[in-house]
Amino acid sequence: MSRRLIEAVIAFTLLEGVALVAYHRVTGKGVPPREFAANLVSGLCLMFALRGVLAGSGWGWTAAWLLGAGLAHGSDVWRRWRR
């Protein structure tokens, strides 16, 4: 798998997040950012971990990205569970 492909997916995901926030702010419609932010961050952290592995980064960076993904995912699940 190419590192460039992962970078393109990261860029697309960031663009998607910005577009969703802008659409919600301008129209008041769509998904509120608080409903998808933690999920988006979790996915981005996983993609950065994969990118780091493909780039040959040390295990510490990979572990940090995976920890970030886990924390973001956990906060998303916790927030949804409380409802």
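Predicted model, so just to flag it, every value in this text is computed and none were measured.

K.L.:
Explain the overall build of the protein to me, please; I cannot follow it from the model alone.
P.N.:
Within the protein, the secondary structure is distributed over three helices and zero strands. Starting at the N terminus and walking to the C terminus, you meet the elements of the protein as α-α-α. Principal axes of the C-alpha set define a box for the protein whose edges measure 45 × 30 × 15 Å. Scored against the burial criterion, the 83 residues of the protein give a buried share of 23%. For the protein, the accessible area works out to roughly 5900 Å², and carbon and sulfur atoms hold 69% of it. Averaged over its 10 positive side-chain charges, the protein has a centre that lies 4 Å from the centre of its 4 negative ones.

K.L.:
Hey, could you run me through the packing of aromatic side chains in this one?
P.N.:
Aromatic rings considered in pairs are described by the distance between their centres and by the relative angle of their planes. Within the structure shown, the criterion is met by one aromatic pair. Between phenylalanine 48 and tryptophan 65, the ring centres sit 4.7 Å apart and the planes meet at 20°, which makes this aromatic pair stacked. You can see phenylalanine 48 sitting in helix α2 (residues 33-55) and its partner tryptophan 65 sitting in helix α3 (residues 59-82), a full 17 residues away along the chain. Of the residues examined, phenylalanine 48 reaches a relative accessible area of 27% and is grouped as partly exposed. Classification of tryptophan 65 as partly exposed rests on a relative accessible area of 30%.

K.L.:
Looking at this structure, how should I read the pattern of salt bridges?
P.N.:
Pairing of side chains with opposite charge becomes possible as their charged atoms draw close. The final tally for this structure, using the stated rule, is six salt bridges. Note that glutamate 7 is salt-bridged to arginine 51, the shortest N-O span being 2.9 Å. One end of the pair, glutamate 7, is in helix α1 (residues 3-27); the other, arginine 51, is in helix α2, and 44 residues separate them in sequence. On the basis of relative accessibility, which here comes to 26%, the residue arginine 51 falls in the partly exposed class. In this structure, the salt-bridge partner of arginine 79 is aspartate 76, at a minimum N-O distance of 3.4 Å. Of this pair, arginine 79 and aspartate 76 both sit in helix α3, three residues apart, which is roughly one turn of the helix. With a relative accessible area of 24%, arginine 79 lands in the partly exposed category. For aspartate 76, a relative accessible area of 6% puts it in the buried group. By sharing partners, the salt bridges in this structure join Arg3, Arg4, Glu7 and Arg51 into a single network.

Conventions we followed
- Residues numbered from 1 in each chain as written.
- Predicted model: local features only at pLDDT ≥ 70, side-chain atom pairs only at ≥ 80, totals over all residues.
- Heavy atoms only, no water.
- Helix = DSSP H or I, 4+ residues; strand = E, 2+ residues; numbered from the N terminus.
- Buried < 20%, exposed > 50% of the residue type's maximum accessible area, 1.4 Å probe, protein only.
- Areas by Shrake-Rupley, 256 points an atom, 1.4 Å probe, with all protein chains shown as cover.
- Lys, Arg positive; Asp, Glu negative; His and termini not counted.
- Charge placed at Lys NZ, Arg CZ, Asp CG, Glu CD.
- Phe/Tyr/Trp six-rings, centres within 6.5 Å; stacked < 30°, edge-to-face > 60°.
- Salt bridge = Lys/Arg side-chain N within 4 Å of Asp/Glu carboxyl O.

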